[in-house]
Amino acid sequence: MSVQRSTFIFACILLLPAVLYVLAIVAYPLVDTFILSFTDASLRKTTNWVGWANYEKIFNERFAEVIIRTFIWTFFSVALKMVIGTFGATMLNAAVPGRSLFRLLTMPPWIVPMAIGIFMWGWMYNGQFGMISGMLQRFGLVDGPVAFLAYGSTAFWATIITDMWIGVPLVTIYFLAAIQSIPKDLYEAAWTDGAGRWYRFRRITLPLMVPAIITMSMLSLIATFNSFDIIWILTQGGPSGETTTMIIDTYQTAIGSKKYGEGAARAVLICIFLSLFCFAYFRVTRRLNPEKRA
């Protein structure tokens, strides 16, 4: 046996556990969900093949609203994370007294268990004893208690703010690492030429952060698009479905209504959207990297 062949066999043996893991944890559930989406599977003992019927059901006016709402919810949540994360990373990178303490204070939203943090925000949004409503009344901005989670418009933005609060620390630390990797010589040369802080940020920091921003935006987009805990704990998709996103609707259909076939069709649609996002991400990164494009 040649050395090249033995090396190939050895490499295959090393890769086998990872391949088996991917097949068992990712490939099999994905294929099984795809097959299930073409059936009328439910709590009944018999399962019949229904073809595209489940997909025809989800493309109605109600689900179209759910899709649009999901994209709006994801867009604003991710955009706020990126903007606040960029601003926070820039401030944490500045040479100010107590910088280490400020960096430490950015971590609690990410360190605190998600459920506890969400319950805390639910208490703050409460109209009767919540802190936000109480402060608004004290400063005379509202006449009475404001139940933020009881109305569709306010509940929608309340869930976005909560998701932003949870996600900003990771974005900030990631962007801070990206800023600190920028060569200091560029800033020194710009400072020597008389460039101000805003000019240095606009011409040096921001352009060199573009790869990090694109990568974090994609990671945040996938996590936010699939975000379940925040909306479910705060509103369970209410009031009147005003905070129901695709992942919430999928759960309510498959688990709540026990319509596993229809729920699987919704899950496949979510997978398709996320695959398109990933495809767009790889296209963008390929354009930004001349070596890969060549």
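Not measured: the values here are computed from a predicted model.

**Student:** Explain unusual backbone geometry here, please?
**Tutor:** One can expect most non-glycine residues to show negative phi and most peptide bonds to be in trans. In the segment running from Gly 238 into Pro 239, the intervening peptide bond is cis, with an omega of -5°. Position of Pro 239 among the secondary structure elements: in the loop between helix H11 (229-234) and helix H12 (246-256). Despite not being glycine, Ser 240 shows a phi value in the positive range, around 55°. Tracing the chain through its elements places Ser 240 in the loop between H11 and H12.

**Student:** I tried to follow the nonpolar core on my own but got confused; where do I start?
**Tutor:** Nonpolar side chains tend toward joint burial in soluble globular proteins. Core analysis: the biggest nonpolar cluster contains 23 residues, and Phe 63, Phe 225, Met 246, Leu 269 and Phe 273 have the highest contact counts within it. Of all elements in the fold, only helix H2 (53-58), helix H3 (61-93), helix H8 (152-180), helix H10 (197-225), H12 and helix H13 (260-288) reach the threshold of two or more residues within this core. Top contributing element to this core by residue count: H13, with eight residues. Those residues in contact with Met 246 that sit more than four places away from it in its chain are Phe 63, Val 66, Ile 67, Thr 70, Phe 225, Leu 269, Ile 270 and Phe 273.

**Student:** What's the story with the packing of aromatic side chains in this structure? I'm lost.
**Tutor:** Any pair of aromatic rings gets described here by the distance separating the centres and the angle formed by the planes. Enumeration according to the criterion identifies 22 aromatic pairs in this entry. A ring pair is formed by Phe 156 and Trp 157, whose centres lie 5.8 Å apart and whose planes are at 90°; its orientation type is edge-to-face. The exposure class assigned to Phe 156 is buried, which follows from its relative accessible area of 11%. An aromatic cluster is present here, built from Phe 34, Phe 38, Trp 49, Trp 52 and Tyr 55 joined pairwise through their rings.

**Student:** Explanation requested: the confidence of the model for the chain in the structure shown.
**Tutor:** The predicted structure's coordinates, where accompanied by low pLDDT, should not be read in detail. Averaged over every residue, the pLDDT of the chain is 86; the share at 70 or more is 95%. Per-element averaging of pLDDT across the chain places helix H14 (residues 290-293) at the bottom with 50 and H11 at the top with 93.

**Student:** Just checking my understanding: could you explain the packing of H12 against H13 for this structure?
**Tutor:** How two helices sit against one another is set out by the angle between their axes and by the gap between those axes. Where H12 contacts H13, the axes come no closer than 7 Å and their chain directions differ by 160°. One element, H12, and the other, H13, form an angle in the roughly antiparallel class. Judged by the sense of rotation from one axis to the other, the crossing of H12 with H13 is left-handed. Here Met 246, Ile 247, Asp 249, Thr 250, Thr 253 and Ala 254 of H12 come into contact with H13, specifically with Tyr 260, Glu 262, Gly 263, Arg 266, Ala 267, Leu 269, Ile 270 and Phe 273. Along the lines of polarity and charge, the residues of the contact of H12 with H13 split into eight nonpolar, three polar and three charged.

The rules we used
- Residues numbered from 1 in each chain as written.
- Predicted model: local features only at pLDDT ≥ 70, side-chain atom pairs only at ≥ 80, totals over all residues.
- Heavy atoms only, no water.
- Helix = DSSP H or I, 4+ residues; strand = E, 2+ residues; numbered from the N terminus.
- Core = buried A, V, L, I, M, F, W, Y, C linked by side-chain atoms within 4.5 Å.
- Buried < 20%, exposed > 50% of the residue type's maximum accessible area, 1.4 Å probe, protein only.
- Contact = heavy atoms within 4.5 Å.
- Phe/Tyr/Trp six-rings, centres within 6.5 Å; stacked < 30°, edge-to-face > 60°.
- pLDDT = per-residue confidence, 0-100.
- Axes fitted to C-alpha atoms, helices over the stretch in contact; angles between N-to-C directions.
- Parallel < 35°, antiparallel > 145°, perpendicular 65-115°, else oblique.
- Left-handed = near helix turned anticlockwise from the far one by under 90°.
- Nonpolar A, V, L, I, M, F, W, Y, C, P; charged D, E, K, R; others polar.

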